[in-house]
Structures are given as structure tokens and as C-alpha cells.
Amino acid sequence: MAEAAALAADDVYMQLALDQARLAYAAGEVPVGAVVVDGQGQVLGAGYNRTILDADPTAHAEVVALRAAARRLGNYRLPGLALYVTLEPCVMCIGAMLHARLSRVVYGAHDPKTGACGSVLDVGAVAQLNHHTTVSGGVLAQPCADLLRAFFRERRKKENTA
């Protein structure tokens, strides 16, 4: 029963991350969104890809959400918190999550090109690291992947007509 409730909660928070991803899409950014949630289900930080808007290669959705949560809590360490993101994190992002001491990372779509939670690399599985987090993938994978596919299909169409 508790496991079913946890899975349902994962869907709810991933929907919130998808809402953030839709904001990225509307802004012309790759549609990836993220939320940071505490143990009581309160969203402490949210973000979407802003690399183009901010001219910042580190402004991935996960980093934006981590920064918001850290500012809100007044601490760069975020133990006991979970981050939900619509796309499997890259090396930079999983590194930031490990440094933040998140207890859990949940992602939607797998990323066969830059995924660092098992698709290309599995950074969290490196035993020598001083902190580890629980990683779960595939939550609402289809809608997460569909949004990315629609974005890139539209982008290619625009490029071909230009």
C-alpha cells in the first residue's frame, strides 16, 4: 500500500516537472523541467532549462531547481529532499545533485546520448564517491519523451523551411 502511494506521488511530482518543461518549450528552450520536493510533499524549488535565455551553459532545469531550493532553505546541502526531472540527468547535473546531498532523484525519459544515471554513464554507481543517492527512472517516461520529440520535430521543421 505504501509503495503504491509513493508511485502515485512520483506521478504527481513528475507532472509538476512536466509543467516546468512546457514553460521551457514555450520559451524556445529544450523542454526539460525539474522540481525539488521535501518529505512532506512541499515543492521547495522548480526550474526549467534556461541555457539560451540566461546565456548560461549550467542553467539546466535541475540546476535551476536546486538553486531555488538552496536559496529558499539558506543552505547548499539538501539532505532528505528529492528532485524530479523529466529527462535523465547529465554528468553536470547528477554531480550537482550528489554535492547537494539529495536523498532521491527521479527522472522521466531516458537519455541515450548524455544520460549519466545509467544510459551512457552511471555516475551514482561509482563506489569511491563520498555521497550516493537513490535514482529511479522511467516515471511518466512516455509523456516526457513525447514533449521532447515534439520540440525537436518542430525545430527541424523550422530549420528545413528557413
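Not measured: the values here are computed from a predicted model.

Description of the UniProt feature "binding site: Zn(2+)" (unreviewed entry) in the chain
Alright, step 1. Residues given the UniProt feature "binding site: Zn(2+)" (unreviewed entry) here are H60, C90 and C93. Across 34 residues, the annotated set stays spatially compact, with a maximum C-alpha separation of 9.3 Å. Considering only the annotated residues already named, the ones lining the largest pocket are H60, C90 and C93.
Alright, step 2. Topologically, H60 is positioned in the loop between β2 (43-48) and α2 (61-73).
Alright, step 3. What makes H60 partly exposed here is its relative accessible area of 22%.
Alright, step 4. Not counting residues within four places of it along the chain, the set of residues in contact with H60 comprises N49, T51, C90, M92 and C93.
Alright, step 5. Mapped onto the fold, C90 is located in the loop between β3 (82-87) and α3 (91-100).
Alright, step 6. In this structure C90 comes out as buried when scored by relative accessible area, which is 15%.
Alright, step 7. Not counting residues within four places of it along the chain, the set of residues in contact with C90 comprises H60, E62, T114 and A116.

Quick look at the sheet that holds β2
Alright, step 1. With mixed pairing, 5 strands are arranged side by side in an open sheet as β2-β1-β3-β4-β5. A strand with exactly one partner marks an edge of an open sheet, and here the two such strands are β2 and β5 (134-136). Looking at each pair of strands side by side, their axes are set apart by 15 degrees on average, direction ignored.
Alright, step 2. Sheet topology note: the strand β4 (residues 104-109)/β5 ladder contains 3 bridges and is parallel. Bridge pairing links V105 to V135 in β5.

Points about the environment of T134
Alright, step 1. In this structure, T134 sits in strand β5.
Alright, step 2. T134 sits in the partly exposed class, given a relative accessible area of 46%.
Alright, step 3. Between the alpha carbons of T134 and H99 there is a distance of 14 Å; along the sequence they are 35 residues apart.
Alright, step 4. Setting aside anything within four residues of it in sequence, one finds T134 in contact with S103, R104 and V105.

Observations concerning the nonpolar core
Alright, step 1. Ranked by internal contacts, the top residues of the largest apolar core, which has 43 residues, are L66, L78, L83, Y84, I94, M97 and L102.
Alright, step 2. Elements supplying a minimum of two residues to this core: α1 (2-26), β1 (33-37), α2, β3, α3, β4 and α4 (141-161).
Alright, step 3. Considering every element that reaches this core, the biggest residue donor is α2, with 6 residues.
Alright, step 4. If we skip the residues at most four places from it in the chain, L78 touches L66, A69, A70, L73, A100, R101 and L102.

Rules behind the numbers
- Residues numbered from 1 in each chain as written.
- Predicted model: local features only at pLDDT ≥ 70, side-chain atom pairs only at ≥ 80, totals over all residues.
- Heavy atoms only, no water.
- UniProt positions renumbered as here; feature names shortened; annotations may be inferred.
- 1 Å grid on protein atoms, 1.4 Å probe; cavity = no way out; pocket = protein on both sides within 12 Å on 5 of 7 lines; lining within 4 Å.
- Helix = DSSP H or I, 4+ residues; strand = E, 2+ residues; numbered from the N terminus.
- Buried < 20%, exposed > 50% of the residue type's maximum accessible area, 1.4 Å probe, protein only.
- Contact = heavy atoms within 4.5 Å.
- Pairing = 2+ DSSP bridges.
- Axes fitted to C-alpha atoms, helices over the stretch in contact; angles between N-to-C directions.
- Core = buried A, V, L, I, M, F, W, Y, C linked by side-chain atoms within 4.5 Å.

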